[in-house]
Amino acid sequence: MLQLNGTVFMPSVLTLIGIPGLESVQFWIGIPFCAMYIIALFGNFLILVTIKSERGLHEPMYLFLAMLGVTDIALSTCILPKLLGIFWFHSAEIYFDACLFQMWLIHTFQCTESGVLLAMALDRYVAICDPLRHAAIFTHKLLTQIGVGVTLRAGVLIALCLILIKCRLKHYRTTVVSHSFCEHMAIVKLAAEDTRINKIYGLFVAFIILGFDIIFITLSYIRIFISVFKLPQKEARLKAFNTCIAHICVFLVFYLLGFFSSFTHRFGFHIPSYIHSLLSNLYLLVPPFLNPIVYGVKTKQIRDRVSKIFHLKDTS
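The following paragraphs examine the structure supplied in this document. Keep in mind it's a predicted model, so treat the numbers as computed, not measured. (Residues numbered from 1 in each chain as written. Predicted model: local features only at pLDDT ≥ 70, side-chain atom pairs only at ≥ 80, totals over all residues. Heavy atoms only, no water.)

**Here we look at the state of the cysteines**
Per the counting criterion, the structure on display carries one disulfide. A sulfur-sulfur separation of 1.8 Å characterises the disulfide bridge that pairs cysteine 99 with cysteine 182. One disulfide, between cysteine 99 and cysteine 182, carries an S-S torsion of -115° and so falls in the left-handed class. Pair noted here: cysteine 99 is in helix α3 (residues 96-129) and cysteine 182 is in the loop between β6 (176-177) and α6 (184-188), with a separation of 83 residues, a long-range link. Under the relative-accessibility criterion, cysteine 99 is labelled buried at 0%. In this structure cysteine 111 is not part of a disulfide, and its nearest cysteine sulfur, from cysteine 161, lies 8.6 Å away. Free cysteine cysteine 167: the closest other cysteine sulfur is in cysteine 161, separated by 13 Å. For cysteine 167, a relative accessible area of 55% corresponds to the exposed category. (Disulfide = S-S within 2.5 Å. Helix = DSSP H or I, 4+ residues; strand = E, 2+ residues; numbered from the N terminus. Buried < 20%, exposed > 50% of the residue type's maximum accessible area, 1.4 Å probe, protein only.)

Written as structure tokens, this is what we have:
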């Protein structure tokens, strides 16, 4: 690792400082983060086991929920072990290439989750607005294609972010990352060279994936609400609306946290850096923590099956 004119040429190791400004209390911050991670793992694994064991839940809605659970487990696992290592054991160093790999995993699973949420919205749109064609459209083959497609879309586009960093950015002002995990903008900001292409491509990916998904999810739910309100019976309207409540809650949590995290990173120049870091951590930890709770409470079939599982354990 060579130092030239006060800059570092191709650093081999970076240092993650955690939450800047809150280093003295990071140990205690790690406790609720760890609790959220454990609940997220338990809740998502429970939903996966429930869907796998109950043949009546082998429908598109629940299979998409299983995809969401797998993505949530992978996303939270990408950051929590290293984050807790920083908070509790002061293990702040990370190899540069390992940092880029973590960045690729995190953003790939973020974008994959967005794609799964879009697929869930389209599934609800067809189920409510064109129910007679739902089974013919959402076949198991199509579900597999959607799962592979949203993963490849994310993986390939995010991989280009890594290539741009490796090929364009050779000199860095510092090797200290003011963050608790490797995030695209946090790494790009370290560079001492022109980073406009990296920033523009990052915004392009965000719009192509997250922006595209948000637009079509919103349009799907607008069309769903129009169809629901046209139903003649109040009970039918409530039943149709109730099937979408969980999806809407998950959709709002994921995208609102993502919006505030991205906004403070790019435009919140006067916002303290610990706010940036906390929002980024919450953006990655809260959805995996809340999703199984929301679906467990709002989805009757899953709630009944989980209750049956625990009831059998109690009686045995």
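**Some remarks on the packing of helix α2 (residues 60-89) against helix α5 (residues 140-168)**
The geometry of α2 relative to α5 is characterised by a closest axis approach of 11 Å and an angle of 25° between their N-to-C directions. Taken together, α2 and α5 sit at an angle that is classed as roughly parallel. The handedness of the crossing between α2 and α5 is right-handed. Together, Pro60, Leu63, Phe64 and Met67 of α2 and His140, Leu143, Ile146 and Gly147 of α5 make up the contact between the two elements. Residues of the contact of α2 with α5, tallied by class, amount to six nonpolar, two polar and no charged. (Axes fitted to C-alpha atoms, helices over the stretch in contact; angles between N-to-C directions. Parallel < 35°, antiparallel > 145°, perpendicular 65-115°, else oblique. Left-handed = near helix turned anticlockwise from the far one by under 90°. Contact = heavy atoms within 4.5 Å. Nonpolar A, V, L, I, M, F, W, Y, C, P; charged D, E, K, R; others polar.)

**A short note on unusual backbone geometry**
At methionine 10, a residue that is not glycine, the phi angle is positive and equals roughly 45°. Its location among the elements puts methionine 10 in the loop between β2 (7-9) and β3 (13-16). Judged by relative accessible area, methionine 10 falls into the partly exposed class, the value being 26%. Non-glycine residue histidine 90 carries a positive phi angle of around 55°. Relative to the assigned elements, histidine 90 resides in the loop between α2 and β4 (93-95). On the basis of relative accessibility, which here comes to 68%, the residue histidine 90 falls in the exposed class.

**Some details on empty space enclosed by the protein**
All told, the structure shown has one cavity of 30 Å³ or more when counted by the stated rule. In this structure, the largest cavity spans a volume of roughly 30 Å³. The wall of the largest cavity is formed by Leu117, Met120, Ala121, Ile217, Tyr221, His247, Phe251 and Tyr295. No other element matches the three residues that α3 contributes to the lining of the largest cavity. In terms of residue class, the lining of the largest cavity is built from seven nonpolar, one polar and no charged. (1 Å grid on protein atoms, 1.4 Å probe; cavity = no way out; pocket = protein on both sides within 12 Å on 5 of 7 lines; lining within 4 Å. Points joined across faces, edges and corners; volume = space filled by probe spheres on them.)

Geometric descriptors of this kind do not, in isolation, establish any biological role.
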